[in-house]
Amino acid sequence: MEQRLASPLLQISGLTRHFGGLPALDQVSFQVAEGRVTALIGPNGAGKTTLINCLSGVLEPDSGTIIFQDRDITGLSPHQVARLGIARTFQNLRIFPRMSVLDNVLCGLTVQAGGSLLEALLRTPGLRHRERRLKLTALEALDSFGLGDKAGWPAGALSYGDKKRVEMARAFVSQPVLILLDEPVAGLNPEETAQIAALIRQMRVYGKTMLLVEHDMDLVMGVSDHVVVLDGGCRIAQGPPDEIQVNPLVLEAYLGRMSATA
Ligand SMILES: Nc1ncnc2c1ncn2[C@@H]1O[C@H](COP(=O)(O)OP(=O)(O)O)[C@@H](O)[C@H]1O
Ligand SMILES: [Mg+2]
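Residues numbered from 1 in each chain as written. Chains lettered and ligands numbered in written order. Predicted model: local features only at pLDDT ≥ 70, side-chain atom pairs only at ≥ 80, totals over all residues. Heavy atoms only, no water.

## Digging into the sheet that holds strand 7 (residues 178-182)
Now for step 1: As summarised here, the arrangement of the six strands in space is 6-7-8-3-9-10, forming an open sheet in which the pairing is mixed. The open sheet is flanked by strand 6 (86-88) and strand 10 (234-239), the only strands paired with a single partner. Across this sheet, the average inter-strand angle for adjacent strands is 20°, counted without regard to direction.
Now for step 2: Set on the sheet, helix 6 (residues 160-172) makes contact with strand 6, strand 7 and strand 8 (209-214); between it and strand 7 the angle comes to about 160°.
Now for step 3: Along the sheet, helix 7 (residues 190-205) contacts strand 3 (37-41), strand 7 and strand 8; its crossing angle with strand 8, the most-contacted strand, is approximately 155°. (Pairing = 2+ DSSP bridges. Helix = DSSP H or I, 4+ residues; strand = E, 2+ residues; numbered from the N terminus. Axes fitted to C-alpha atoms, helices over the stretch in contact; angles between N-to-C directions. Contact = heavy atoms within 4.5 Å.)

This is how it looks when you write it as structure tokens:
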């Protein structure tokens, strides 16, 4: 069943991407509504990360279009995409372990504020000028992600769960229009998972629009408004979580494969 949305923030149409002749994404279409949590689920290898990489400019799709706020952003660079207000976290953590937690989060702000990651790392005079104001914003973000007391720690010294939260704080700190979360609870224990779920719900209350890529069905069902299911690069279903949970196609493709690979 196609869900018609009045004014989607993001519109993905016919997105296709091959790797060595094999389709990782095959004509995938769906929309992301403003102020909602849209989940993208599917078994390992379904194409979830490839889709996020196409969205964030890391990969160029072979065909299809990505429309963000009525603008065609297909094929833009990661930097251009970030400046338009799309932030992301990575399935495999990308934090700077020797930098402080605060500086890691500041990177998210300086990229958004028009600087480059290089500028952020080199600490140019222009950046220093803005830094005091940015620092305050970053500290506030760290507070809301429960990391206020660890701002001065080297990020590498944090637990895995805290590192995931640093990535999230870095993605959220720039007040992006759309946040892409790639498996934010992968590798976390149940307590840490519950903390991330609470943070996602809190951000949703603040009106943040999120595209949540997740392997963990329980998390998805607990936090999302709309669920899109990929399998083998194709969209096999979409709908509200309670419908998806009992959709026979999803149960067969997604849960069947899950138990086979567990
Ligand atoms: N850089 C790459 N080179 C070759 N094949 C890739 C690459 N990235 C992903 N793939 C393949 O594309 C398919 C989808 O992968 P991916 O998007 O990572 O799935 P998911 O995130 O849903 O687990 C898989 O078959 C994977 O092996
Ligand atoms: Mg993935």
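## Quick look at the sheet that holds strand 5 (residues 71-72)
The strands that make up a sheet are held in pairs by hydrogen bonds between backbone atoms, and each pair lies either parallel or antiparallel.
Now for step 1: Spatially, 2-1-4-5 is the arrangement adopted by the four strands of the open sheet, whose pairing is antiparallel. The open sheet has two edge strands, strand 2 (22-33) and strand 5, and neither has a second partner.
Now for step 2: The sheet contact formed by strand 1 (residues 8-19) and strand 2 spans eight bridges and is antiparallel. Note on strand 2: the bridge partner recorded for His-18 is Pro-23.
Now for step 3: Most of the contacts of helix 1 (residues 48-55) go to strand 1, to which it runs at about 115°, and overall it touches strand 1, strand 2 and strand 4 (63-68).

## Considerations on the pairing of strand 1
Now for step 1: Counting the residues that bridge the hairpin from strand 1 to strand 2 gives two residues, and of these Gly-20 lies at a positive phi of roughly 50°.
Now for step 2: For strand 1 and strand 4, the ladder comprises five bridges, and the chain directions are antiparallel. Within strand 4, the residue paired with Thr-16 across the bridge is Ser-63.

## Examining the packing of aromatic side chains
Now for step 1: In the structure shown here, the tally under the stated rule is one aromatic pair.
Now for step 2: Judged by centre distance (5.5 Å) and plane angle (45°), the ring pair of Phe-145 and Phe-172 falls under tilted. Of this pair, Phe-145 sits in the loop between helix 5 (125-144) and helix 6 while Phe-172 sits in helix 6, placing them 27 residues apart in sequence. Take Phe-145 and Phe-172: they sit in the same class, and that class is buried.
Now for step 3: Here the guanidinium or amino end of Lys-150 rests over the ring plane of Trp-153, the centre of that ring lying 5.5 Å away. (Phe/Tyr/Trp six-rings, centres within 6.5 Å; stacked < 30°, edge-to-face > 60°. Buried < 20%, exposed > 50% of the residue type's maximum accessible area, 1.4 Å probe, protein only. Lys NZ or Arg CZ within 6 Å of the ring centre and 35° of its normal.)

## Describing unusual backbone geometry
Now for step 1: A positive phi angle, near 55°, is found at Gln-27, a position not held by glycine.
Now for step 2: In this structure, Gln-27 sits in strand 2.
Now for step 3: Look at Gln-27 and you get exposed, because its relative accessible area is 54%.
Now for step 4: Its identity is not glycine, yet Gln-175 carries a phi of approximately 55°, on the positive side.
Now for step 5: With respect to the helices and strands, Gln-175 occurs in the loop between helix 6 and strand 7.
Now for step 6: Using a relative accessible area of 55% as the deciding quantity, one classes Gln-175 as exposed.

## What to know about the pairing of strand 4
Now for step 1: By the bridge criterion, two bridges tie strand 4 to strand 5 in an arrangement that is antiparallel. Bridge assignment links Ile-67 to a residue of strand 5, and that residue is Asp-72.
Now for step 2: Between strand 4 and strand 5, which pair antiparallel one after the other, the connecting turn spans two residues, and Gln-69 there sits at a positive phi close to 50°.

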